[in-house]
Amino acid sequence: MSVNVVLTASKFAAGILGHSHALIADAAESTADILSSIIVWRGLIVAAAPADPDHPYGHGKAEPLAAASVAIMLLLAAVGIMARSTHGLLLEPPQKPQAFTLYVLIAVIVIKEILFRFVSREAGSVQSIALFADAWHHRSDAITSLAAGLGIALALFGGPRFAFADDAAAIIAGGIIAWNGWRLLRPALNELMDAAPDVALIANIQSAAGTVPGVNAVEKCIVRKMGYQYFVDMHVEVDPRMTVQQGHDIAHNVKNKVRQAVPSVYDVLVHIEPSQ
């Protein structure tokens, strides 16, 4: 967030002083970066809070809510950038940007790509879609800066014929941001609606349960994600002649085996079915 504050202030100043709509649009998108980082930060803190009587399954949904908020902010930023640049392209006389704005953008691209790689690595280590969304916010900023740089370069070196390039680059950058926003919104919405996780994860869970002595078959396995963790509902088939105590012991063994094999599984609810 500290880096984003410095970058945003620098881009706003350079865009205003250097007469670059693309750079001002880029600075506006960076302002959304700061807000999105705050949302992700608070969302992760809430998601990590333990379960309580009012939230017996924990607070994990705060994480996809944060991710969805960041994605929506990306979409809104894209609409604003494209609207502002279209207005400038059609209704305002073109202004030639100053050459120093290119140097500002080169520095921004390098710093933003470093931030993207750092945050993306951390997101992968904890499997957080909110952090991954925030990482792509940095990457989208680098992309808009690159587009702005190309537009400014054309406006500077292409002559009066390419005076429109600065605004055109901002419109293209807005389209890229919108695409990234939608790409990040979909998985967040899927998690909020308890969409099934990757089939490989479900297969690992079923495989672990099937190795428990006394389990004849895994009839059903439903998995949903809650923040960093998974909750599993499972039906297993056992010998119909065994006692309730034996079935109870098998259910506990299944739960322990699954949690041991897949550490990201927080809880397993096992329903015992008689084998046919």
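As a reminder, the structure under discussion sits directly above these lines.
Each value, and the rule that gives it
Residues numbered from 1 in each chain as written. Predicted model: local features only at pLDDT ≥ 70, side-chain atom pairs only at ≥ 80, totals over all residues. Heavy atoms only, no water. Phe/Tyr/Trp six-rings, centres within 6.5 Å; stacked < 30°, edge-to-face > 60°. Helix = DSSP H or I, 4+ residues; strand = E, 2+ residues; numbered from the N terminus. Buried < 20%, exposed > 50% of the residue type's maximum accessible area, 1.4 Å probe, protein only. Lys NZ or Arg CZ within 6 Å of the ring centre and 35° of its normal. Salt bridge = Lys/Arg side-chain N within 4 Å of Asp/Glu carboxyl O. Axes fitted to C-alpha atoms, helices over the stretch in contact; angles between N-to-C directions. Parallel < 35°, antiparallel > 145°, perpendicular 65-115°, else oblique. Left-handed = near helix turned anticlockwise from the far one by under 90°. Nonpolar A, V, L, I, M, F, W, Y, C, P; charged D, E, K, R; others polar. Contact = heavy atoms within 4.5 Å. Pairing = 2+ DSSP bridges.

*Asks:* Would you take a moment to explain the packing of aromatic side chains for this structure?
*Replies:* Two aromatic rings are characterised by how far apart their centres lie and by the angle between their planes. Applying the stated rule across the entire model yields three aromatic pairs. When the ring of Tyr-57 is compared with that of Phe-231, the centres are 5.6 Å apart and the planes differ by 75 degrees; the resulting orientation is edge-to-face. With Tyr-57 in the loop between α2 (21-47) and α3 (62-91) and Phe-231 in strand β2 (residues 229-238), this pair connects stretches of sequence that are 174 residues apart. In this structure Phe-231 comes out as buried when scored by relative accessible area, which is 8%. Ring centres of Phe-116 and Trp-136 lie 5.3 Å apart, and the angle between their planes is 70 degrees; this geometry places the pair in the edge-to-face category. Placement of the pair is Phe-116 in helix α4 (residues 100-126) and Trp-136 in helix α5 (residues 129-157), with a sequence separation of 20 residues. Classification of Phe-116 as buried rests on a relative accessible area of 8%. An aromatic cluster is defined as three or more aromatic residues linked by ring pairs; in this entry it consists of Tyr-57, Phe-231 and Tyr-266. Above the face of the Trp-136 ring, Arg-183 is positioned so that its terminal group lies 4.2 Å from the ring centre.

*Asks:* Is there a simple way to think about the pattern of salt bridges in this case?
*Replies:* Pairing of side chains with opposite charge becomes possible as their charged atoms draw close. Within the structure shown, the criterion is met by seven salt bridges. Across the salt bridge formed by Lys-61 and Asp-194, the nearest N and O atoms sit 2.7 Å from each other. With a gap of 133 residues between them, Lys-61 in the loop between α2 and α3 and Asp-194 in the loop between α6 (165-192) and α7 (199-210) connect regions that are remote in the sequence. Between Glu-63 and Lys-225 there is a salt bridge; the shortest N-O distance is 3.9 Å. Placement of the pair is Glu-63 in helix α3 and Lys-225 in strand β1 (residues 217-226), with a sequence separation of 162 residues. Exposure class is identical for Glu-63 and Lys-225. Each is buried.

*Asks:* What am I meant to see in the packing of α4 against α5 here?
*Replies:* How two helices sit against one another is set out by the angle between their axes and by the gap between those axes. Where α4 meets α5, the closest approach of the two axes is 8 Å, and the angle between their N-to-C directions is 160 degrees. If you check the angle between α4 and α5, you find them roughly antiparallel. Crossing hand, α4 versus α5: left-handed. Across the contact of α4 with α5, the residue classes tally to 20 nonpolar, five polar and five charged.

*Asks:* Explain the packing of α7 against helix α8 (residues 244-261) here, please?
*Replies:* The contact between α7 and α8 brings their axes to 8 Å, and the two run at 135 degrees. With respect to each other, α7 and α8 are oriented oblique. Note that α7 runs across α8; the crossing there is right-handed. Residue-level inspection shows Ile-205, Ala-208 and Ala-209 of α7 in contact with α8, the latter providing Val-254, Lys-257, Val-258 and Ala-261. Residue classes in the contact of α7 with α8 are distributed as six nonpolar, no polar and one charged.

*Asks:* Explain the sheet that holds β2 here, please?
*Replies:* Consider a sheet: its strands pair through backbone hydrogen bonds, and that pairing is either parallel or antiparallel. Spatially, β1-β2-β3 is the arrangement adopted by the three strands of the open sheet, whose pairing is mixed. If you trace the sheet from one side to the other, it starts and ends with β1 and β3 (265-274), each paired once. Ignoring which end each strand starts from, the neighbouring axes of this sheet average 15 degrees apart. The pairing of β2 with β3 spans nine bridges and is classified as parallel. Each bridged residue has a counterpart across the sheet, and for Val-238 the counterpart in β3 is Pro-274. Contacts between α8 and the sheet are confined to β2 and β3, with β3 contributing the most and set at about 145 degrees to the helix.

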